[in-house]
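# A look at the structure
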Amino acid sequence: MSSLNHCIKFELDIKDENIVFKDYFYKMVQMKKHKIYEAELIQPACPYCGSLALLHNGHLVTNIRYLTANASLPVIIRLAKQRVKCRDCDHWSMAQSELVNKYCSISNASKLKVLSALTEDRSMTSIARENNVSINTVQRVLGNCSHRFIDSYEYLPAHLAFDEFKGVDRQPHFICLDGDNHQVVQILRTRYKKTLLKYFGRFSPQAKANVKTVTMDLNFYYQDIVRACFPNAQIVIDRFHMIQMLTRSFNSLRVQVMKTFDKRSRQYQLFKSPWKLYLKKFDELEKIHPRYNWHYKDCLTQAQVVTEGINTSTALENSYNLMQSFIQAVETGNTHELKSLINCQDQIGTLMHKTLLTFKHNLTAVLNGAALPYSNGCLEGFNRKIKQIERTAFGYSNFTNLLTRIRLEENQYTEKEPNSLLMTA
């Protein structure tokens, strides 16, 4: 073989000995400059009987898109595949190579580069433009991964986290994560109770018995699913959702009290502009250095603002003290204090009373949320990643493509066969 053949193979990183490069040149194709490499693919032996007695009968020329370091200068390998007839077994055949699949004009190296790009937070349009392929080619590579995720119904993690997120057509989809290593267990198209019972019902009794805790928000039918499917699991209400419900009910009461005052009054301004101070922990408020605020025309510290504001209403003061004590009890894991706060009989707002009543109906799960270290924090962070994936693609209309892209970006891709992706793409 000539030195030209060796140099081109080294440049393109092609190791197939049956490919022989003969020439290269530049050519304008569809008003764009291309780099063309001419090569011949030799058929050394009969693929049926292994005989070397072959009768050559022309070539089939295929233009193969190949990798390029410069996206503005596409590379095309004009490959002439030998057609042969075996003199011994009379079979006709055509030379094939690992460079490209049969009946395909996109090189396997280009497909692997597209697959690697799909694991990043990028749009399909930019991936297609960089690799000099069509968007349909990128979609085909993505589609060939959709059935490659291996689901085993013989194992479930000891700690699960349940939640939902909005995906295709803004519909809620169910997501389940491993609470220990934060890996995706499953993402389902819907969050309906019937669907979840059917899915978890496929697991073996040993796998379902292995589940020790399930962390969730206060979605009422998630608890029914846990009781029906996992006999040894404890229900854990996420701490963030508990505090969020309590702060929202207090904030609603603050707005109600604020609207009872005139908009030009000092009390109204104490509630209006510094509203964020009422939602912070009292220990984190500034208590030493007062600052002037032109809304209520006075120089007060943050603690003085909050104290003066809540003193205008007994229900508001009781609700504020209860909220602060509840947050501290959750952070310290004091279940006895938490239980007494939930059974509080003080005068508080109507919405906060309903929130405490909800906690009372789910008392065991709420106390587990304060006592156990598990939470849905990992799941909320993962949902944030999913929103970014959807935002990059301007939304998905196909749930399978969305699920595959999520799995790829989380490095959850597992091939059943080493070259199965390349053979089908």
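Read on for a plain summary of the structure. Here, residues in each chain are numbered from 1, in the same order as that chain's written sequence. Reporting of local features is limited, given that this is a predicted model, to residues whose pLDDT is at least 70; pairs of side-chain atoms are given and counted only at 80 or more, and all residues count toward the totals for whole chains, interfaces and linings. For side-chain calculations, the full set of non-hydrogen atoms in the structure is used, while hydrogens and water are omitted.

### Topic: the overall build of the protein
A count of helical and extended segments in the protein gives 17 helices and 12 strands. Both definitions apply: the radius of gyration is a C-alpha atom measure, and the globule rule equals 2.2 Å times residues to the power 0.38. The C-alpha atoms of the protein give a radius of gyration of 33 Å, which is well past the 22 Å a tight globule of 425 residues would have. Along the longest, intermediate and shortest principal axes, the C-alpha atoms of the protein span 100 × 55 × 35 Å. Residue burial is assigned from relative accessible area. The probe radius is 1.4 Å, only protein chains are included, and a residue is buried under 20% of its type maximum, exposed over 50%, and partly exposed in between. The buried share of the protein, reckoned over its 425 residues, is 45%. Throughout, a contact is declared for two residues whenever any of their heavy atoms are within 4.5 Å. Taking the contacts inside the protein whose residues are at least 6 apart along the sequence as the reference set, 59% of them involve residues at least 24 apart. Helix and strand assignments follow DSSP, with helices taken as H or I runs no shorter than four residues and strands as E runs no shorter than two, numbered in order from the N terminus.

### What about the sheet that holds strand β6 (residues 159-166)?
The pairing criterion is simple: DSSP has to find at least two bridges between the two strands. Strand order in this open sheet of five strands is β8-β7-β6-β9-β10, and the pairing throughout is mixed. The strands lining the two open edges of the sheet, one partner per strand, are β8 (184-188) and β10 (234-237). Going across the sheet, the axis of each strand differs from the next one's by a mean of 20°, ignoring polarity. Pairing analysis gives four bridges linking strand β7 (residues 172-178) to β8, with the strands arranged antiparallel. Opposite F174, over in β8, you have L188 as the bridge partner. Only the stretch in contact is used when a helix axis is fitted, and all axes are lines through C-alpha atoms; the angle between N-to-C directions ranges over 0 to 180 degrees.

### Brief notes about a positive patch on the surface
Taken together, the side chains of K166, R170, R384, K387 and R391 define a basic patch exposed on the protein surface. With three residues, the single largest contributor to the positive patch is helix α15 (residues 377-392). Tracing the backbone through its elements, the reader meets K166 in strand β6. Residues qualify for a patch when their relative accessible area is over 30% and they have no salt bridge, like charges being joined within 9 Å and the nonpolar side chains of Val, Leu, Ile, Met, Phe, Trp and Tyr within 5 Å. Residue exposure ignores everything except the shown protein chains as possible cover, and the areas themselves are Shrake-Rupley values with a 1.4 Å probe. Salt bridge, as used here, is a side-chain nitrogen of Lys or Arg placed within 4 Å of a carboxyl oxygen of Asp or Glu. For the purpose of charge, His is not counted, nor are the chain termini; Lys and Arg are scored as positive and Asp and Glu as negative. Where a charge sits is defined by one atom per residue type, namely NZ (Lys), CZ (Arg), CG (Asp) or CD (Glu).

### With respect to the layout of surface pockets
Every definition here rests on a 1 Å grid over the protein atoms only: cavities are sets of points where a 1.4 Å probe fits but cannot get out, pockets are open sets enclosed by protein on both sides within 12 Å along at least five of seven lines, and lining residues have some atom within 4 Å of a point. Grid points are joined across faces, edges and corners, and a volume is the space filled by probe spheres set on the points. In this structure, the largest pocket occupies an estimated 560 Å³ of space. Lining the largest pocket we find 23 residues, and of these L12, D13, I14, Y66 and A109 sit closest to its centre. Elements with a minimum of two residues in the lining of the largest pocket: α1 (3-12), β2 (32-41) and α2 (108-118). It is α2 that provides the largest number of residues to the lining of the largest pocket, a total of three residues. Residue composition of the lining of the largest pocket, grouped by class: 13 nonpolar, four polar and six charged. In this classification, Asp, Glu, Lys and Arg are treated as charged, Ala, Val, Leu, Ile, Met, Phe, Trp, Tyr, Cys and Pro as nonpolar, and every other residue, Gly included, as polar.

### A short note on the nonpolar core
Nonpolar side chains tend to gather and get buried jointly when the protein is soluble and globular. Only buried residues count toward a nonpolar core, which is a set of Ala, Val, Leu, Ile, Met, Phe, Trp, Tyr and Cys residues joined through side-chain atoms within 4.5 Å. Ranked by size, the top nonpolar core spans 61 residues in total, and within it F162, F200, V214, F230 and F326 carry the most contacts. It is helix α11 (residues 314-332) that provides the largest number of residues to this core, a total of eight residues. Leave out the neighbours within four places in its chain, and F162 touches F174, I175, C176, F200, V214, T215, M216, Y222, V226, F230, N376 and L379. Residues L12, I77, L99 and L142 belong to the second largest nonpolar core, which totals 31 residues.

### Describing the pairing of β10
Sheet topology note: the strand β9 (residues 213-216)/β10 ladder contains four bridges and is parallel. When the bridges of β10 are listed, T215 appears paired with V236. With the strands pointing away from the viewer, any crossover whose connection runs clockwise from the first strand over the helix to the second is right-handed. Considered for its hand, the β-α-β crossover made up of β9, helix α7 (residues 220-229) and β10 is right-handed.

### A few points about the pattern of salt bridges
Using the criterion set out here, one finds 16 salt bridges in the structure. Two residues, K113 and E130, come together in a salt bridge whose shortest N-O distance is 4.0 Å. Linking K113 in helix α2 with E130 in helix α3 (residues 124-131), this pair joins segments that are 17 residues apart in sequence. We note a salt bridge from R266 to D298, for which the minimum N-O separation is 2.9 Å. Remark: D298 occurs in strand β12 (residues 298-300) and R266 occurs in helix α9 (residues 266-272); sequence separation between them is 32 residues. Residue classification places R266 among the partly exposed positions, given a relative accessible area of 29%. Residue class for D298 comes out partly exposed when judged on its relative accessible area of 25%. Three or more residues joined by partner-sharing salt bridges are found here, namely K113, E120, R122 and E130.

### Focus on the packing of α15 against helix α16 (residues 399-409)
Direction vectors running N to C along α15 and α16 enclose 120°, while the axes themselves pass 11 Å from each other. Here α15 is positioned oblique relative to α16, judged by the angle of their axes. The interaxial crossing formed by α15 with α16 has right-handed handedness. On the side of α15, the interface is formed by F382, I386, I389 and E390, while α16 contributes L402, R405, I406 and E409. For classification purposes, an angle smaller than 35 degrees is called roughly parallel, one larger than 145 roughly antiparallel, one from 65 to 115 roughly perpendicular, and anything else oblique. For a crossing to be left-handed, the near helix must be turned anticlockwise from the far one by less than a right angle; the clockwise case is right-handed.

### Observations regarding α11
Taking 1.5 Å of rise per residue, the 19 residues of α11 would be expected to cover 27 Å, and the 27 Å separating its terminal C-alpha atoms lies within 8% of that figure. Turning to α11, its buried residues are A315, L316, S319, Y320, L322, M323, Q324, F326, I327, A329 and V330. Looking at the buried residues of α11, the elements they touch are α8 (239-258), α9, α10 (302-310), α12 (335-342), α13 (350-361) and α14 (363-371). At the N-terminal boundary of α11, the capping side chain belongs to S313, with an oxygen 3.4 Å from the backbone nitrogen of L316. Taken from the residues just after α11, G333 is the one with a positive phi, measuring 75°. Here the expected span of a helix is defined as 1.5 Å times the quantity of residues minus one. Side-chain atoms alone can form a polar contact between residues adjacent in sequence; in general such a contact is a pair of N or O atoms within 3.5 Å, and within protein one must be able to donate a hydrogen while the other accepts it.

### What about the side chain of S313?
Note that S313 resides in the loop between α10 and α11. A residue is classified by how much of its surface remains accessible, and S313, at 17% relative accessible area, is buried.

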